[in-house]
Every structure is written in structure tokens, then in C-alpha cells.
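Residue-level structural notes
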Amino acid sequence: MDLRIFTEPQQGATYDTLLTVAKATEDLGFDAFFRSDHYLRMGSGDGLPGPTDAWITLAGLARETKRIRLGTLMTAGTFRLPGVLAIQVAQIDQMSGGRVELGLGAGWFEEEHKAYGIPFPKEKFGRLEEQLEIVTGLWGTKAGDTFDFHGTYYDLTDSPALPKPVQDRIPVLIGGHGPSRTPRLAARFATEFNMPFASVEDSRRQFGRVRAAAEEAGRGGDGLTYSNALVVCVGKDDQEVARRAAAIGREVPELKANGLAGSPAEVVDKIGRYAEVGSSRIYLQLLDLHDLDHLELISAQVLSQLA
């Protein structure tokens, strides 16, 4: 089971804070550092000092880390034109020596679009499908050839399809709860399917849909990696769990029901239940980015049992 660290910087974090967490992620043996791609805080709090851009952050981290994978859960398709996104991600893949992964979704948080003047189209899923075709098509075009795409939403003519990433195929993550269109899209384009903030049973059901769609597409259900994203709150004892839950504005019973919370043994046991339904990778949503002791505990008493 791979364990990856997943952060939500729109809630309030500087680049320096993210760099500190990313370096700790690497030093403590985790597989990857991922971040959300949002420009507006959610829920309570002031969100200070303000948002950071996901791909600018990852470009910086690409030069400051050596081993960990770097990526997004999920980049909103509404934020960037697909040709521009393909260039950005390929360049950061070069900067990192081939360690980048792209999580790409349709975009859903209308308020952040209004706050920063970003268009929020009604038809987002069709745009996402074309974006995936374009991004993967640009990367996959042979050097020296050109790429053309003429769709409903995007039109590319005689693109040199440069620059090229270091990796032969940058991993593409697609996720979500949609019962039909999402599995079909994952079967066409995804290296990994991610189930965000879902129960074991809901994950089992959705993984089954994706597997079926992949079989129908002729690539086989085992051709994808299946993963979950879950909030994490671990403590040596009940008091420490309660303190960490309070620090992120959550209740312990709710976290135990909907995330990975409790003692290291409890968390390892619950991760095992996700593994039983096919998950081989967990993104640990770390909400208190200043609690590095939390990371150390997870590394020493959870990661060590799952490696």
C-alpha cells in the first residue's frame, strides 16, 4: 500500500509551509506529495495568507525535492486551456526529472470562479473529455510531427506538441462518484482512478464500475491503479486524537466514520479494509500543515506497517 500526503493549501498556507511539508514527506518515506488546485478557501476560517497556484507550487517543489512524486488532486479543467496545461505539466516533469502526475477534473467550485473572474461553463464534462484528449495527444505526438484537434470546445491546428515530458507517459488521475460517464472516461484516459472521501462499500462499488468500463474498452480492469483520498487524524492516545481533530474543526466520531482516525492500529486496520476492495494507494488528506509531529507519527507507526 502506497501512502501519499495530500494537502489543501487554499485553506491558508504559504509556499514555504508547503515546502516544509513536502520535504518532511520525502524525508519520512512517503511516496508522494499532492495538493489541491483551488483558489478560494472552503468552510470556516479566513484563508490567510491567501491561495497559492498548484502548478507554480509544484514547479518550485520539483527543484527542491529529489524522490517523491508530485501532483494534483484535482486540477480543475476550467482553470487552464488544455494546450497551456500540457506545456506546464511537461515542463515541470522535466524540472523534476520525471516525477509529475496530473489529476484532472471538470471543476465544480463555482464560488472561486466568481471570486477570480474565471469562466464557469455549464457543460464541463464534455470539455474535460476534450481536454484529456488534447493533453494526452500532445504528449503522445512523436517529436517532429504535429498535432491537430477539432472538437466542440477546442481547436488546435499544426501544434508542434512541445515540450515533451521526461516520462514516456505522465500518469493521469481521474476520480469521482459518477456512476457512468466517470468510469468510461477513466477507462479511456486514466492511469489511476481515485475515489475521494468515500466509504469502503462505495469504493468497492465504484471500483467495480471502473473495472467493467476498462474491460469494455479492451484494456482490462487491472490496467489501472485504484486509490482513495481520506482525511487523516492519528494520535498515540485518545487525547491526542481529540486534540488533532479539534485543531482542524472536526469531531472524532465523524472522522472515524468518514476518514482515517484514531490510533495507529485503528488506522492500519481501516486501510486494510480499503485494500480488500482493491485500493492500493491512499492519499492522506493532511489539514493541519504545521503539525509535523503528526507526519512523523504516521510514518513511524502506520507507514512502517504497510510498506
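Residues numbered from 1 in each chain as written. Predicted model: local features only at pLDDT ≥ 70, side-chain atom pairs only at ≥ 80, totals over all residues. Heavy atoms only, no water.

1. Re the packing of helix H6 (residues 181–189) against helix H7 (residues 200–216)
- Running from amino to carboxyl end, H6 crosses H7 at an angle of 50 degrees, the nearest separation of the two axes being 8 Å. In terms of orientation, H6 and H7 fall into the oblique class. The crossing of H6 and H7 is right-handed. Along the contact surface, H6 presents Thr182, Pro183, Arg184, Ala186 and Ala187, while H7 presents Gln206, Arg209, Val210, Ala213 and Ala214.
- In terms of residue class, the contact of H6 with H7 is made up of 6 nonpolar, 2 polar and 2 charged. (Axes fitted to C-alpha atoms, helices over the stretch in contact; angles between N-to-C directions. Helix = DSSP H or I, 4+ residues; strand = E, 2+ residues; numbered from the N terminus. Parallel < 35°, antiparallel > 145°, perpendicular 65-115°, else oblique. Left-handed = near helix turned anticlockwise from the far one by under 90°. Contact = heavy atoms within 4.5 Å. Nonpolar A, V, L, I, M, F, W, Y, C, P; charged D, E, K, R; others polar.)

2. So, the pairing of strand S9 (residues 192–196)
- Counting buried positions along S9 yields 4 of 5 residues, so the element is predominantly enclosed.
- Looking at chain direction, strand S8 (residues 172–175) and S9 are connected through 3 bridges and run parallel. Note on S9: the bridge partner recorded for leucine 173 is glutamate 192.
- Taking the sense of rotation as the criterion, the β-α-β connection linking S8, H6 and S9 turns out right-handed.
- Here 5 bridges tie S9 to strand S10 (residues 225–234), and the two strands are oriented parallel to one another. Residue glutamate 192 lies in a different strand from S10, and its bridge partner there is threonine 225. (Buried < 20%, exposed > 50% of the residue type's maximum accessible area, 1.4 Å probe, protein only. Pairing = 2+ DSSP bridges. Right-handed = clockwise from strand over helix to strand, strands pointing away.)

3. With respect to the nonpolar core
- Counting 74 residues, the largest nonpolar core has Leu3, Trp55, Trp139 and Leu284 as its most contacted members.
- Per-element accounting of this core gives the leading share, 7 residues, to helix H5 (residues 125–140).
- Ranked by size, the runner-up nonpolar core spans 7 residues in total, among them Phe34, Leu73, Leu173 and Ala229. (Core = buried A, V, L, I, M, F, W, Y, C linked by side-chain atoms within 4.5 Å.)

4. Overview of the side chain of glutamate 112
- Mapped onto the secondary structure, glutamate 112 falls in helix H4 (residues 110–116).
- Look at glutamate 112: it is buried, it has no salt bridge, and the nearest opposite charge is arginine 35 at 8.7 Å.
- Here tyrosine 39 takes part through its backbone nitrogen, which lies 2.7 Å from a polar atom of the side chain of glutamate 112.
- Beyond its immediate chain neighbours, meaning those up to four positions away, glutamate 112 contacts His38, Tyr39, Leu40, Phe79 and Ile118. (Lys, Arg positive; Asp, Glu negative; His and termini not counted. Salt bridge = Lys/Arg side-chain N within 4 Å of Asp/Glu carboxyl O. Polar contact = N/O pair within 3.5 Å; in protein donor to acceptor, adjacent residues only side chain to side chain.)

5. Details of the packing of helix H2 (residues 54–64) against helix H3 (residues 82–96)
- At their nearest, the axes of H2 and H3 sit 8 Å apart, and the two run at 15 degrees to each other. Classed by the angle they form, the pair H2 and H3 counts as roughly parallel. Where H2 crosses over H3, the handedness of that crossing is left-handed. Along the contact surface, H2 presents Trp55, Leu58, Ala59, Ala62 and Arg63, while H3 presents Leu85, Val89, Ile92, Met95 and Ser96.

6. Brief notes about the packing of aromatic side chains
- In the structure shown here, the tally under the stated rule is 6 aromatic pairs.
- Here a set of aromatic residues connected by ring pairs shows up, and it is made of Tyr39, Phe79 and Tyr116.
- When the ring centre of phenylalanine 120 is taken as reference, the NZ or CZ atom of lysine 124 above it lies at 4.3 Å. (Phe/Tyr/Trp six-rings, centres within 6.5 Å; stacked < 30°, edge-to-face > 60°. Lys NZ or Arg CZ within 6 Å of the ring centre and 35° of its normal.)

7. Quick look at the environment of threonine 152
- As for its position among the elements, threonine 152 is in the loop between strand S6 (147–150) and strand S7 (155–159).
- For threonine 152, a relative accessible area of 66% corresponds to the exposed category.
- Each C-alpha atom of the pair threonine 152 and glycine 83 lies 15 Å from the other, and the pair is 69 residues apart in sequence.

8. Some remarks on the environment of glycine 221
- Here glycine 221 shows up in the loop between H7 and S10.
- Classification of glycine 221 by relative accessible area gives buried; the value is 1%.
- In this structure the C-alpha to C-alpha distance between glycine 221 and valine 210, which are 11 residues apart in sequence, comes to 7.3 Å.
- Among residues more than four places away in sequence, those in contact with glycine 221 are Arg211, Ala214, Glu215 and Tyr226.

9. Describing H6
- For H6, the full list of buried residues reads Thr182, Pro183, Leu185, Ala186, Ala187 and Phe189.
- Tucked into the core, H6 has its buried residues touching H5, S8, S9 and H7.

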